[in-house]
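# Structural overview
The chain contents come next:
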Amino acid sequence: MRKKSIKDLDVQGKKVFCRVDFNVPMNDGTIADDTRIRAALPTIRHLVDQGAIVILASHMGRPKGNVVEELRLAPIAKKLEELVGKNVRYSKEVIGEDVKKQVSELEAGDILLLENVRFHPGEEKNDEELAKAFAELADIYVNDAFGTAHRAHVSTEGVAKHLPSAAGFLIEKELEVLGNALSDPARPFTAIIGGAKVKDKIGVIDNLLDKVDNLIIGGGLAFTFVKAQGYEIGDSLLEEDKIELAKTFMEKAASKGVKFLLPIDAIVADAFSEQANVKVVDIDSIPDGWLALDIGPKTAELYSNVIKDSKLVIWNGPMGVFEMEPFAQGTKAVAEALAEAENTYSIIGGGDSARAVEHFSLSEKMDHISTGGGASLEFMEGKDLPGIAALDE
Ligand SMILES: Nc1ncnc2c1ncn2[C@@H]1O[C@H](COP(=O)(O)OP(=O)(O)O)[C@@H](O)[C@H]1O
Ligand SMILES: O=C(OP(=O)(O)O)[C@H](O)COP(=O)(O)O
């Protein structure tokens, strides 16, 4: 069912409580990457232009209900001011008398940014009292925090139950792009799954096998599959209790005619370190005591060719430990193949893959970089995202 859009609302003179995802990477008090702030600008600008009184709420990091000085949103307010070109007020409180007073002083087109909502112990517990307190500040709730849409917290879900609600432009765009990709995919459709979180990604692999033509596996999670193929993997990442499941996925792929691509060679190291001894080995020759930390050059070439022959590619999770130079080549090769593939629509599923693409200065060449890692994964798994489910239809 289509959710109500911010476009369907008359917000002139109305107080709008708008949840955004300003959970940006910080480096010594400065914003290391403002992508998520920029991604929320269309909604914020629309609200300002339509004469709404804009109350913005976001989390940053995981302060677990405590006030953590380094996680205050003051630098975000400043950055936002620069980006929207107008004064942004900032409250050092999440909720309370001071917030109420500040809200009462706002006029149409004004913006107030509340303090990091996760400083309040009620936020992540989806506390009803906090939901009511937020709702009392406003007339309308807009959710534009796609990156946090998979969390059922007060500012993403609870508050929606107390106010008329709608989705912002970023959430709409993410749902449209990801939804189209999955419901009516251009073919050949290839999914690339990498990274380290085997447990988190098992569900999505199962679900994707019903949709894709090619499933490419890389990163640390590949080695549970390599082990399932019967090879020794040394000290590489392994989820012992997922080996049997990995086998069933390979069988499912075979029975569905889905090409299931696993590394055929790897870069192995004798320690998890940039200074380690490193060599390239075929996948059946990972030495005892060594760790596979990247796909090898033959695998990179194989994967690149499949990418270039695809019409649609979704990518979640790096191919190796790209943060360390000796293990960055596989991820770089995949990013470059996507950048060069002119007839391929590329979707990057947030998180570390987005960071990797940025790291190789290839972001501009991608068709869609999702602002949500976990959220885009849960969406691809076919799960309902609570932050979206709670919005009015
Ligand atoms: N072969 C590997 N062994 C161990 N860690 C790996 C390997 N390949 C990739 N990684 C690590 O996986 C991490 C990202 O995993 P994950 O969080 O699952 O991805 P994402 O954030 O894109 O969803 C990166 O920090 C990377 O260093
Ligand atoms: O950065 C986020 O998620 P992501 O790393 O999965 O993209 C979101 O802001 C959600 O943060 P959370 O995982 O602490 O709830």
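Residues numbered from 1 in each chain as written. Chains lettered and ligands numbered in written order. Predicted model: local features only at pLDDT ≥ 70, side-chain atom pairs only at ≥ 80, totals over all residues. Heavy atoms only, no water.

Across its full length, the protein chain carries 14 helices and 17 strands. The C-alpha atoms of the protein chain give 23 Å as radius of gyration, which agrees with the globular expectation for 393 residues (21 Å, within 12%). On the principal axes, the C-alpha backbone points of the protein chain span a range of 70 × 45 × 35 Å. Counting over 393 residues, the protein chain shows a buried share of 58%. Within the protein chain, residue pairs in contact and separated by at least 24 positions form 72% of the contacts whose partners lie at least 6 positions apart. Only carbon and sulfur atoms are counted for the fraction: they give 46% of the accessible area of the protein chain, which is about 16,700 Å². Across the protein chain, 45 positive and 65 negative side-chain charges occur, with their mean positions spaced 3 Å apart. (Helix = DSSP H or I, 4+ residues; strand = E, 2+ residues; numbered from the N terminus. Rg over C-alpha atoms; globule rule 2.2 N^0.38 Å. Buried < 20%, exposed > 50% of the residue type's maximum accessible area, 1.4 Å probe, protein only. Contact = heavy atoms within 4.5 Å. Areas by Shrake-Rupley, 256 points an atom, 1.4 Å probe, with all protein chains shown as cover. Lys, Arg positive; Asp, Glu negative; His and termini not counted. Charge placed at Lys NZ, Arg CZ, Asp CG, Glu CD.)

Before going further, it helps to examine the UniProt feature "modified residue: Phosphothreonine" (unreviewed entry) in the protein chain. Mapped onto this structure's residue numbering, the UniProt feature "modified residue: Phosphothreonine" (unreviewed entry) falls at Thr299. Relative to the elements of secondary structure, threonine 299 occurs in helix 10 (residues 297-308). Given the relative accessible area of 0%, threonine 299 is considered buried. The residues touching threonine 299, leaving out its near neighbours within four places in the chain, are Pro263, Ile264 and Asp265. (UniProt positions renumbered as here; feature names shortened; annotations may be inferred.)

It is worth spelling out the sheet that holds strand 13 (residues 278-282) at this point. Read from one edge to the other, the open sheet built from three strands follows the order 13-12-14, with strand pairing classed as antiparallel. Of all strands in the sheet, those with a lone pairing partner are strand 13 and strand 14 (291-295), marking the two edges. Sheet twist, expressed as the average angle between the axes of neighbouring strands with direction ignored, equals 40°. Looking at chain direction, strand 12 (residues 265-269) and strand 14 are connected through four bridges and run antiparallel. Opposite valine 268, over in strand 14, you have alanine 292 as the bridge partner. Across the face of the sheet, helix 10 comes into contact with strand 12, strand 13 and strand 14 while running at roughly 35° to strand 14. (Pairing = 2+ DSSP bridges. Axes fitted to C-alpha atoms, helices over the stretch in contact; angles between N-to-C directions.)

In a pair of packed helices, the angle between the axes and the distance between the axes together describe the arrangement. Where helix 10 meets helix 11 (residues 329-340), the axes come as close as 9 Å, and the angle between the chain directions of the two elements is 25°. Viewed along their axes, helix 10 and helix 11 adopt a mutual orientation that is roughly parallel. Every pair of crossing elements has a handedness; the one defined by helix 10 and helix 11 is right-handed. In this structure, helix 10 uses Ala300, Ser304, Ile307 and Lys308 to contact helix 11, whose residues at the interface are Ala333, Val334, Ala337, Leu338 and Glu340. Residue composition of the contact of helix 10 with helix 11, grouped by class: six nonpolar, one polar and two charged. (Parallel < 35°, antiparallel > 145°, perpendicular 65-115°, else oblique. Left-handed = near helix turned anticlockwise from the far one by under 90°. Nonpolar A, V, L, I, M, F, W, Y, C, P; charged D, E, K, R; others polar.)

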